[in-house]
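Each chain, written out:
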Amino acid sequence: MPDRRGYYTVDEIRAAEAELFTRVPVGMPMRRAAFGLAGVVVGELRSRTGAVAGRTVGMLVGSGDNGGDALWAGAFLRRRGVRVSAVLLNPERAHSAGLAALRAAGGRVVDRLESVDLVIDGIVGISGRGSLRPGAAEMVAAVDAPIVAADLPSGVDPDTGAVDGPAVTADVTVAFGAYKPVHALAVPRCGRIVLVPIGLRLGAAGLAQLEPAAVGAGWPVPGPADDKYSQGVTGVCAGSAKYPGAGVLCVGGAVVATSGMVRYAGSDTAVSERYPEVVASPSISETGRVQAWVFGPGGGTDAAARDRLAEVLATDLPVLVDADGLTILAEEPGLVRGRGAPTVLTPHAGEFARLTGAAVGDDRVRAARGLAEQWGVTVLLKGRATIIASPGEATLVNDAGGDWAATPGSGDVLSGIIGALLAAGRAPGWAAAAGARVHALAANSAAHEGRNVGAPVSATPLLAQVREAVRVLREVGETGTG
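These numbers were taken from a predicted model, which means no experiment stands behind them.

Definitions and limits used
Residues numbered from 1 in each chain as written. Predicted model: local features only at pLDDT ≥ 70, side-chain atom pairs only at ≥ 80, totals over all residues. Heavy atoms only, no water. Core = buried A, V, L, I, M, F, W, Y, C linked by side-chain atoms within 4.5 Å. Buried < 20%, exposed > 50% of the residue type's maximum accessible area, 1.4 Å probe, protein only. Helix = DSSP H or I, 4+ residues; strand = E, 2+ residues; numbered from the N terminus. Contact = heavy atoms within 4.5 Å. Axes fitted to C-alpha atoms, helices over the stretch in contact; angles between N-to-C directions. Parallel < 35°, antiparallel > 145°, perpendicular 65-115°, else oblique. Nonpolar A, V, L, I, M, F, W, Y, C, P; charged D, E, K, R; others polar. 1 Å grid on protein atoms, 1.4 Å probe; cavity = no way out; pocket = protein on both sides within 12 Å on 5 of 7 lines; lining within 4 Å. Points joined across faces, edges and corners; volume = space filled by probe spheres on them. Polar contact = N/O pair within 3.5 Å; in protein donor to acceptor, adjacent residues only side chain to side chain. Arc of directions from axis to C-beta. Pairing = 2+ DSSP bridges. Salt bridge = Lys/Arg side-chain N within 4 Å of Asp/Glu carboxyl O. Phe/Tyr/Trp six-rings, centres within 6.5 Å; stacked < 30°, edge-to-face > 60°.

Notes on the nonpolar core
- Counting residues in each nonpolar core, the largest one holds 53 residues, and the members touching the most others are Leu 37, Val 41, Val 57, Met 59, Leu 71, Leu 77 and Ile 120.
- The leading source of residues in this core is helix α2 (residues 28-49), at nine residues.
- Contact partners of Leu 77, with chain neighbours within four places excluded, come to Ala 38, Val 41, Val 42, Val 57, Val 82, Val 84 and Ile 120.
- Core analysis: the second largest hydrophobic core is formed by 52 residues, Val 248, Val 271, Val 294 and Ala 443 among them.

Written out as structure tokens, the structure reads:
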């Protein structure tokens, strides 16, 4: 079973399609895609209405191959007894073979969709750029039925997931041949995503998401010969008298992520009161042996904090820098640039802008890669779709499945989780991506527990769910499912 799901750019898909066309008859890839699209629509009709034959499907059809996919799907649906009506947004450029197939099967071409059970979005495909044109936007705005998008929601950029105007929000998106970056970067627009193979041959992807089974299988598990030291000792320098909660949450993240041992450098007594098993010392130099450091949350940005960060970065250990630590680095990037040991920076968009002097922009993958390459670090760019970029490696992405963790303190927990994985010897990119996956799973579980179903969660109940999230992923990793 692959350990990651790859996402391929438009250029990569186009090259693979060109190779495919040399191996199969003309039109076969489109009919494969359309047959798969029709199958998904049939499943949606059955689950939503309890029937297929006699139901009504409307289609918004643009020019080119994406419109052809929709038209052929309409022809296949007619064979299942579905009533199909198509609006041609550009009749002169409609896919001729697909349109002929639809008409031959009994499908209708109409000026506007009336009452339908479901709508197929076949307006634009991977060649489309920018938002919907006014006529298409008006048609989409009038839809009051579930939408199944052909390959991607129209109006959403296929390579960046960006939306700069009117666009489709689909209930289901049927990806043809391979997943594209939009399917990881704009999941709220895509809805449920279903892959339909059409025979593409693709190499390793430059953007990928770790599969849950891979996270579980790679999570540190103590063996019979392990002790608290061999499992990884995580050092945490976070929190202050002004922000005591940050230290508690960051340390807590490392503890519940099953670090072999956690050492805390600081004077915040709240950490020891909450976690008596953590070994606390007043300074970094007195902390004792650790195998990775987490620095920054709630630690301040004054000269003393700067000196502590410089002391940590002067070691040959992996270091994760977050929050106040990033503010210090924005003023003095030389502290970390060119560092030989693994370094992970975990900025949100505002912190990224301070580090680089520029906003993240629409292409978040490119932005994270740029900072990672320029500074020689691993960058975890936070968001609903978290981007993890490491120099010379495939970029990783983790869709959180919701925005439940967008609350104060949740980033402190994430830093502790990743720090524990670094201390256990995991590579920085993998540690950041796996930590983000566990963090997201814990947030989703916390948001749907008890009476506050579907509510944003504070960091404390999120922390309580991390250990359960790790257990679930380990179980998935052992069985190879999920």
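Moving on, there is more to tell.
Concerning the packing of helix α11 (residues 303-313) against helix α12 (residues 324-331)
- The geometry of α11 relative to α12 is characterised by a closest axis approach of 10 Å and an angle of 90° between their N-to-C directions. One way to sum up the angle between α11 and α12 is to call them roughly perpendicular. On α12, the residues that touch Ala 305, Arg 306, Leu 309 and Leu 313 of α11 are Gly 325, Ile 328 and Leu 329.
- Split into classes, the residues belonging to the contact of α11 with α12 amount to five nonpolar, one polar and one charged.

Here we look at the layout of surface pockets
- Estimates place the volume of the largest pocket at around 990 Å³.
- Lining the largest pocket are 41 residues, with Ser 63, Gly 64, Asp 65, Asn 66 and Gly 125 sitting closest to its centre.
- Considering only residue class, the lining of the largest pocket consists of 18 nonpolar, 14 polar and nine charged.

Quick word on the side chain of Thr 234
- With respect to the helices, strands and loops of the structure, Thr 234 is situated in strand β10 (residues 233-237).
- Overall, the relative accessible area of 0% leaves Thr 234 in the buried class.
- A polar contact is formed between the side chain of Thr 234 and the side chain of Ser 259, at a distance of 2.8 Å.
- Leaving out residues up to four positions away in the same chain, Thr 234 has contacts with Ala 254, Ser 259, Met 261, Val 262, Arg 263, Val 290, Ala 292, Val 294, Gly 419, Ala 420 and Ala 423.

What to know about helix α5 (residues 134-141)
- Those residues of α5 that sit buried are Ala 136, Ala 137, Met 139 and Val 140. Each buried residue of α5 sits inside an arc of 160° when the element is viewed along its axis, so together they form one side. Opposite the buried face of α5, at more than 90 degrees from it, the exposed residues are Pro 134 and Ala 141.
- Taken together, the buried residues of α5 touch β2 (56-61) and β3 (83-88).

Some words on the side chain of His 183
- Within the fold, His 183 resides in helix α6 (residues 182-185).
- Taking relative accessible area as the criterion, His 183 reaches 3% and is therefore assigned buried.
- Within the structure, the side chain of His 183 is placed 2.7 Å from the backbone oxygen of Asp 151, a separation counted as a polar contact.
- Beyond its immediate stretch of four places on either side in the chain, His 183 contacts Tyr 7, Asp 151, Leu 152, Thr 173, Ala 175, Ala 178, Cys 190 and Ile 193.

Concerning the sheet that holds strand β17 (residues 385-389)
- Reading across the sheet, the 11 strands line up as β1-β9-β18-β17-β16-β15-β14-β13-β10-β11-β12 and stay open at both edges, with mixed pairing between neighbours. Both edges of this open sheet fall to β1 (4-7) and β12 (279-281), since each of them pairs with a single strand only. Across the sheet, the axes of successive neighbouring strands diverge by a mean angle of 20°, strand direction being ignored.
- Note: strand β15 (residues 343-345) against strand β16 (residues 378-381), two bridges, orientation parallel. The residue bridging Val 344 from the neighbouring strand is Thr 378, located in β16.
- Sitting on the sheet, helix α9 (residues 244-256) touches β10, β11 (261-265) and β13 (292-295), and the angle it makes with β11 is about 165°.
- Contacting β10, β13, β14 (319-321), β15 and β16, helix α15 (residues 410-423) runs over the sheet at an angle of about 165° to β13.

Points about the pattern of salt bridges
- Per the stated rule, a full pass over the model turns up 16 salt bridges.
- The salt bridge partner of Arg 192 is Glu 44, with a shortest N-O separation of 2.5 Å. Taken together, the positions of Arg 192 in strand β8 (residues 192-196) and Glu 44 in helix α2 put the pair 148 residues apart, joining distant regions of the chain.
- With relative accessibility at 8%, the residue Glu 44 sits in the buried group.
- Between Glu 468 and Arg 471 there is a salt bridge, with the nearest N and O atoms lying 2.7 Å from each other. Of this pair, Glu 468 and Arg 471 both sit in helix α17 (residues 459-479), three residues apart, which is roughly one turn of that helix.
- Relative accessible area serves as the criterion here: at 35%, Glu 468 is assigned to the partly exposed category.
- Residues joined in a network through salt bridges with shared partners are Glu 19, Arg 23 and Arg 201.

Section: the packing of aromatic side chains
- Under the criterion given, the structure shown has three aromatic pairs.
- Judged by centre distance (6.2 Å) and plane angle (35°), the ring pair of Trp 72 and Phe 76 falls under tilted. Placement of both Trp 72 and Phe 76 in helix α3 (residues 64-79) is noted, with a separation of four residues, approximately one turn of the helix. Each member of the pair, Trp 72 as well as Phe 76, is classed as buried.
- A connected cluster of aromatic rings, assembled from ring pairs, spans Phe 35, Trp 72 and Phe 76.

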